[in-house]
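Take a look at the letters that make up each chain.
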Amino acid sequence: MEDLFLDEKYRNCGLGTEFFSKIKEFVRQEGYSKIEWNCLEWNISSICFYNKIGAVQEHGRKYFIYSCK
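Residues numbered from 1 in each chain as written. Predicted model: local features only at pLDDT ≥ 70, side-chain atom pairs only at ≥ 80, totals over all residues. Heavy atoms only, no water.

(A) Up close: the overall build of the chain. Tallying secondary structure elements over the chain gives two helices and zero strands in all. On C-alpha atoms alone, the chain measures out to a radius of gyration of 14 Å, which is more than a quarter above the 11 Å that the 2.2 N^0.38 rule sets for 69 residues. Its C-alpha atoms give the chain principal-axis dimensions of about 40 × 35 × 25 Å. When the 69 residues of the chain are sorted by exposure, 7% land in the buried category. When the accessible surface of the chain is split by element, carbon and sulfur atoms take 54% of a total near 7200 Å². Charged side chains in the chain number 10 positive and 10 negative. The centres of these two groups are separated by 3 Å. (Helix = DSSP H or I, 4+ residues; strand = E, 2+ residues; numbered from the N terminus. Rg over C-alpha atoms; globule rule 2.2 N^0.38 Å. Buried < 20%, exposed > 50% of the residue type's maximum accessible area, 1.4 Å probe, protein only. Areas by Shrake-Rupley, 256 points an atom, 1.4 Å probe, with all protein chains shown as cover. Lys, Arg positive; Asp, Glu negative; His and termini not counted. Charge placed at Lys NZ, Arg CZ, Asp CG, Glu CD.)

Take a look at the structure:
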């Protein structure tokens, strides 16, 4: 998945929390123990939400894009 975006009018009503709850349920059923994703550093509202649900920001990785045009 490239992007997940929740329109502002639907924010702060529990949909994001419910989404991650369902993803967590699916991940566990499939025998996995974690999910990973990335977020742009300027996206403060998303970072705050991820912190609120208990996600831990990973340190030590750098992401790269190599264009082959």
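(B) Quick look at helix α1 (residues 15-29). Its 15 residues place the ends of α1 21 Å apart at the C-alpha level, agreeing with the 21 Å of an ideal helix rising 1.5 Å per residue. Those residues of α1 not exposed but buried are G16, F20 and V27. Seen along its axis, α1 keeps its buried residues to an arc of 30°; they face one direction. Looking at the buried residues of α1, the elements they touch are α2 (44-52). Directly after α1, the chain includes G31, whose backbone phi takes a positive value near 90°. (Expected span 1.5 Å × (residues − 1). Arc of directions from axis to C-beta. Contact = heavy atoms within 4.5 Å.)

(C) Structural view of the pattern of salt bridges. Applying the stated criterion to the full structure yields four salt bridges. In this structure, E36 engages K34 in a salt bridge whose closest nitrogen and oxygen atoms are separated by 3.5 Å. E36 sits in the partly exposed class, given a relative accessible area of 48%. Beyond isolated ion pairs, a larger network of salt bridges with shared partners links K34, E36, E58 and R61. (Salt bridge = Lys/Arg side-chain N within 4 Å of Asp/Glu carboxyl O.)

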